[in-house]
Amino acid sequence: MTATTDRPAKPLTGLLALLVRIERIGNKLPHPFWLFGVLSVVLALASWALSAAGASVLNPATDETVTVRSLVSGEGLRMMIDDAVTNYATFPPLGTILVVMLGVAVADRSGLLPAMLRAAVARVPARWLTFTLAFSAMVAHVASDAAYVVLVPLGAMAFRAVGRSPMLGAVVAFVSVSAGYDASPLVTPVDAMLSGLTTAAAQTVDPGYVVNPLSNYFFSLGSSLVLAVVITVVTEKVIARRVAAMPEEDASEDSGGAAELTLSDEERRGLRRALWALLGFAALIVAAMIPSSSPLRGEGGSIVQSPVLTGIAVILAVGFLIVGAVYGHAVGTVRTGRDIPDHMAKGLREMAPILVLFFAISQFLAYFKWTGVGEVMAIRGADLLKSAGITGPLAFLGVLLVCTCINLLVTSGSAQWALVGPVFVPMFMLLDIPPEVTQAVYRIADSCTNAATPMSAYFVMTLGVIQRYRRSAGIGTLLSLTLPLCLVMLVSWTLLFYVWWALGIPLGPGVPVR
C-alpha cells in the first residue's frame, strides 16, 4: 500500500522528538574550541580540589605514586604560560596531519580525487551501483570532509542516470561517508589524527609508546568491505522500498545531469597516467626494501618497524603529490612547478579550522597530563573494573555505548577522542588491552551515528541535496532513510570487531589484537 505523506511512521515519532531535544541541547554547546576552554577551567578547579584533598594513586606500570597537582597554583600558572607554544608544536597529530595533507591537497586540487570518484560510478551496471557507491565512499575518506561535498550530489546523479531515485543515491553516499567514516581501504588523514591522539594518551602510562597510522589498517580494510556489503543489503531490502512507497512529487530539478558523470578524454588520460605513476612509485619502494640491509628496513631487517611504516605520513604525502601532479599535468591543472606549492597552500588553508581546534585540544591534554588527574582516573577506573570482574568484551561495550551517545552531540571525531581517549586508553592499558584495540573500538562509536544526528553539518547539506528532488523532504524524511542503515551498521561493525578480537587477527602490521 502506498503511503500518502512523508510524515515519519509512529515508531519513529518518539525518536524524532528525542533527536529534536538532542539538537536543541547540542546547539547550546559552545564551539569545540571554547568547549575545551571550558573543560580546562573545570579541570583547573577539579585539580585544585583533588590536590587539596591529597588525591594520589600507585601506578602499577611504573610502581610510582601519582599525586594530583593543582593548576590553580604558581607552578601551574607558570606551566600554562611557559609550555603553551611547546604543547602546540609537539602535539602528536599536528605534524602528521599537515604532512599528509600537503600531498592530499595536490591530488584534490588537481582534480584527481573527484575524477576517481566519478570514474568509479560512471559506467557501473545498475545492479552493482549501490555497492560501488558505498565502497567508493570508503575510498573517498582519504579526502576527509571533501568526500561529502563531492560524493553526496554525485551519488544522486549516478542513481538518476540509471533510472533510480536520486534520493536513494544521496542517502547511500551520505551514510557510507559519515556512518563509515573511520573505515577505509586506504590510509587516511583520520588515521594520522587518531593515532597521534592515541599516542599522547598512551604515553600517560608508557612514555615510549607510539601508535602509528597503520595500527588499525587491517581492521579498517575489512570493515570497509563489510560495511559496503551491509549498506548494499539494507538499502536494497529496506531503504529502496521506503523510497518507492513515498508519493509521487514533481522534482525541483529537471532529469538531466548524466553528463556530469562523464569523464573527458583528458581526464581519462590523466587517470591512466596517475595509475602508472602510482604503480611505479609503489614498485620503487618495494624494490628499495628488498635488500635485507636496505636503509628502508628497520632494526634487524624488520619491515614492520621500517621507516616506510613508521614514517607512513611522508610516504603518503609523496605518493599523493606524485599522482596528483601527474594527473594535473595531463589535464592542465598543473602547468608549472609553481602550481604544486600553490595547491598545497590552498589545501592547508582549508585545514585552518582544525589547526585552531588543535591549539585548544593540545593545551587541554597538556594540562590533563601535568595535573595527573587523567592518570588517577584511569588507574582508579581500571581497579574498579577489575574488582567488578568486567573483562575486555564488557569494557568494549561500555566504550561503544558512551562514545556513541557523545557522538550525537560532539560530532568532531578528533574533539571527542581528545576528550575520552586520555581516560579510556590508559585505563584499558592497565587492563592489558593495547591502545590500538581501544582506538579500534572508538572508530566504530565515532562513525555509526554521524548520519543520524542533525548536529552534523553534512546532515543538513544532504537534506538540501534531497530537497532538490523532493521539496517536501524534512529532517524526519532523511532520518527515516538513514536510521535503519546506521543501526544495522552499528550492530554489524560491533559484531565484526568481536569476531576479529576473538580470533586474534592483527589490527594492523605488527599490531596484535591482544
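Residues numbered from 1 in each chain as written. Predicted model: local features only at pLDDT ≥ 70, side-chain atom pairs only at ≥ 80, totals over all residues. Heavy atoms only, no water.

Caption draft 1: The arrangement of the confidence of the model for the protein in detail. Here the protein averages 83 in pLDDT, and 89% of its residues register 70 or above. Of all secondary-structure elements in the protein, the lowest mean pLDDT belongs to helix H1 (residues 10-28), at 56, while helix H3 (residues 74-82) reaches the highest, 93. Counting interchain partners and residues more than four positions distant, the pLDDT-below-50 stretch residues 1-5 has five contacts. Taken together, the stretch residues 254-259 has pLDDT below 50 and engages in six contacts with residues farther than four places along the chain or on a different chain. (pLDDT = per-residue confidence, 0-100. Helix = DSSP H or I, 4+ residues; strand = E, 2+ residues; numbered from the N terminus. Contact = heavy atoms within 4.5 Å.)

Caption draft 2: Summary view of the packing of helix H16 (residues 352-371) against helix H19 (residues 413-429). Orientation of H16 relative to H19, taken along the N-to-C sense of each, is 5°, at an axis distance of 11 Å. Taken as axis vectors, H16 and H19 run roughly parallel relative to one another. Judged by residue contacts, Leu357, Phe358, Ile361, Phe364, Leu365 and Phe368 of H16 engage Ser414, Ala415, Ala418, Pro422 and Val423 from H19. Within the contact of H16 with H19, the residues separate by chemical class into 10 nonpolar, one polar and no charged. (Axes fitted to C-alpha atoms, helices over the stretch in contact; angles between N-to-C directions. Parallel < 35°, antiparallel > 145°, perpendicular 65-115°, else oblique. Nonpolar A, V, L, I, M, F, W, Y, C, P; charged D, E, K, R; others polar.)

Caption draft 3: The arrangement of the environment of Pro92 in detail. When you line up the elements, Pro92 lands in helix H5 (residues 92-109). Separated by 118 residues in the primary sequence, Pro92 and Val210 place their C-alpha atoms 9.9 Å from one another. Setting aside chain neighbours within four positions, we find Pro92 in contact with Gly196 and Ala200.

Caption draft 4: Representation of empty space enclosed by the protein in the model. Within this structure, the stated rule accounts for one cavity of 30 Å³ or more. The computed volume of the largest cavity comes to approximately 50 Å³. As for the largest cavity, its lining consists of Leu113, Met116, Leu117, Val139, Ala140, Val142 and Ala143. For the lining of the largest cavity, the secondary-structure elements that each account for two or more residues are helix H6 (112-122) and helix H7 (129-140). Of the residues in the lining of the largest cavity, the class split is seven nonpolar, no polar and no charged. (1 Å grid on protein atoms, 1.4 Å probe; cavity = no way out; pocket = protein on both sides within 12 Å on 5 of 7 lines; lining within 4 Å. Points joined across faces, edges and corners; volume = space filled by probe spheres on them.)

Caption draft 5: Up close: the layout of surface pockets. Of the pockets and cavities examined, the second largest pocket occupies roughly 1000 Å³. Lining of the second largest pocket is provided by 31 residues; of these, Leu186, Leu278, Phe281, Ala282 and Leu316 occupy positions nearest its centre. Elements with a minimum of two residues in the lining of the second largest pocket: H6, helix H12 (265-289), helix H13 (307-310) and helix H14 (312-331). Among the elements that make up the lining of the second largest pocket, the one with the highest residue count is H12 (10 residues). Of the residues contributing to the lining of the second largest pocket, the split by class is 27 nonpolar, two polar and two charged.

Caption draft 6: Representation of the side chain of Thr482. In this structure, Thr482 sits in helix H22 (residues 475-503). On the basis of relative accessible area, Thr482 is assigned to the buried category, the value being 0%. In terms of polar contacts, Thr482 uses its side chain to reach the backbone carbonyl oxygen of Ala451, at 2.9 Å. Ignoring anything within four residues of it in the chain, the contact list for Thr482 reads Val171, Phe174, Val175, Ala451 and Ala452. (Buried < 20%, exposed > 50% of the residue type's maximum accessible area, 1.4 Å probe, protein only. Polar contact = N/O pair within 3.5 Å; in protein donor to acceptor, adjacent residues only side chain to side chain.)

Caption draft 7: Region of interest: the environment of Gly103. By secondary structure assignment, the location of Gly103 is in helix H5. For Gly103, a relative accessible area of 1% gives the class buried. With sequence-adjacent residues up to four places away left out, Gly103 is seen in contact with Ala317, Phe320 and Leu321.

Caption draft 8: Helix H18 (residues 392-407), seen in detail. With 16 residues, H18 ought to run about 22 Å at 1.5 Å a step, and its terminal C-alpha atoms sit 22 Å apart, in line with that. Among the residues of H18, those classed as buried are Gly392, Ala395, Phe396, Val399, Leu400, Cys403, Thr404 and Asn407. Within H18, the buried residues cover an arc of 160° as seen down the axis, which keeps them to one side. Along H18, the residues that are exposed and aim more than 90 degrees away from the buried face are Leu394, Leu401 and Cys405. The elements touched by buried residues of H18 are H19, helix H20 (435-447) and H22. (Expected span 1.5 Å × (residues − 1). Arc of directions from axis to C-beta.)

Caption draft 9: View of the pattern of salt bridges. Under the counting rule described, the total for this entry stands at four salt bridges. Notably, a salt bridge pairs Arg69 with Glu75, separated by 3.3 Å at the nearest N-O pair. In this structure, the salt-bridge partner of Asp265 is Arg268, at a minimum N-O distance of 3.0 Å. In this pair, Asp265 and Arg268 are both assigned in helix H12, three residues apart and thus about one turn of the helix distant. (Salt bridge = Lys/Arg side-chain N within 4 Å of Asp/Glu carboxyl O.)

Caption draft 10: Focus on the nonpolar core. With 145 residues, the main nonpolar core has Leu151, Phe219, Ile361, Phe428 and Phe497 as its most contacted residues. For this core, the element with the highest residue contribution is H22, accounting for 12 residues. The contact partners of Ile361, leaving out residues within four places of it in the chain, are Phe36, Phe91, Leu197, Ser414, Ala415 and Ala418. With five residues, the next largest nonpolar core counts Val106, Ala325, Ile340 and Met344 among its residues. (Core = buried A, V, L, I, M, F, W, Y, C linked by side-chain atoms within 4.5 Å.)

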